[in-house]
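Examining the three-dimensional arrangement
Listed here are the chains, written in short residue letters.
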Amino acid sequence: MISLSGTITDPLNQPIQTTIRLILKGVNNPYYNQPTDYVTNSDGTYNITVNYGTYDIYIKSDRKFYLIATAVKIDVSTVATSINDLVQK
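Residues numbered from 1 in each chain as written. Predicted model: local features only at pLDDT ≥ 70, side-chain atom pairs only at ≥ 80, totals over all residues. Heavy atoms only, no water.

**Remarks on unusual backbone geometry**
Let me state the cut-off plainly: Residue burial is assigned from relative accessible area. The probe radius is 1.4 Å, only protein chains are included, and a residue is buried under 20% of its type maximum, exposed over 50%, and partly exposed in between. Put simply, DSSP H or I for four residues or longer makes a helix, DSSP E for two residues or longer makes a strand, and each gets a number counted from the N terminus.
Non-glycine residue Asn13 carries a positive phi angle of around 65 degrees. Residue Asn13 is classed as exposed on the basis of its relative accessible area of 57%. Phi is positive for Arg63, which is not a glycine, with a value near 65 degrees. Inspection of the secondary structure puts Arg63 in the loop between β5 (53-61) and β6 (64-74).

**Comments concerning the nonpolar core**
The condition that has to hold: In this text, buried Ala, Val, Leu, Ile, Met, Phe, Trp, Tyr and Cys residues form a nonpolar core when linked through side-chain atoms within 4.5 Å. Two residues form a contact once any of their heavy atoms are found within 4.5 Å.
Grouped together as the largest cluster of nonpolar side chains are 17 residues, with contacts concentrated most on Leu4, Ile83 and Leu86. Excluding residues that lie within four positions of it along the chain, Leu86 makes contacts with Leu4, Ile57, Val72, Ile74, Thr78 and Ala80.

**Some details on the side chain of Thr40**
Our working definition: Pairing of N or O atoms within 3.5 Å defines a polar contact, subject to two protein rules: one partner must be a possible hydrogen donor and the other a possible acceptor, and residues neighboring in sequence count only if both atoms are side-chain atoms.
Mapped onto the secondary structure, Thr40 falls in the loop between β3 (36-39) and β4 (45-50). Judged by its relative accessible area of 2%, Thr40 falls in the buried class. Within the local environment of Thr40, its side chain forms a polar contact with the backbone nitrogen of Thr18, the two atoms lying 2.8 Å apart. The contacts of Thr40, once residues within four sequence positions are left out, are Ile8, Ile16, Gln17, Thr18, Ile20, Thr45 and Tyr46.

Written as structure tokens, this is what we have:
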């Protein structure tokens, strides 16, 4: 497991309350598991713990989820401390 924390902002760099969705990709097949949703605080901050695995990451905007990163591997060697770090990897 790793812990991630940070602040989600809109395109104008203003903090927003939103939902971060992680979908664990299937281990032995291309199918997905149920999504895990994390709602940020009203000031856009979050502090979450994520199990090791390979994920697609989505952010909710205007009542729709948008894919921001695909096949992001999280394992013992992952040094990311925020969603932003994972996406820029």
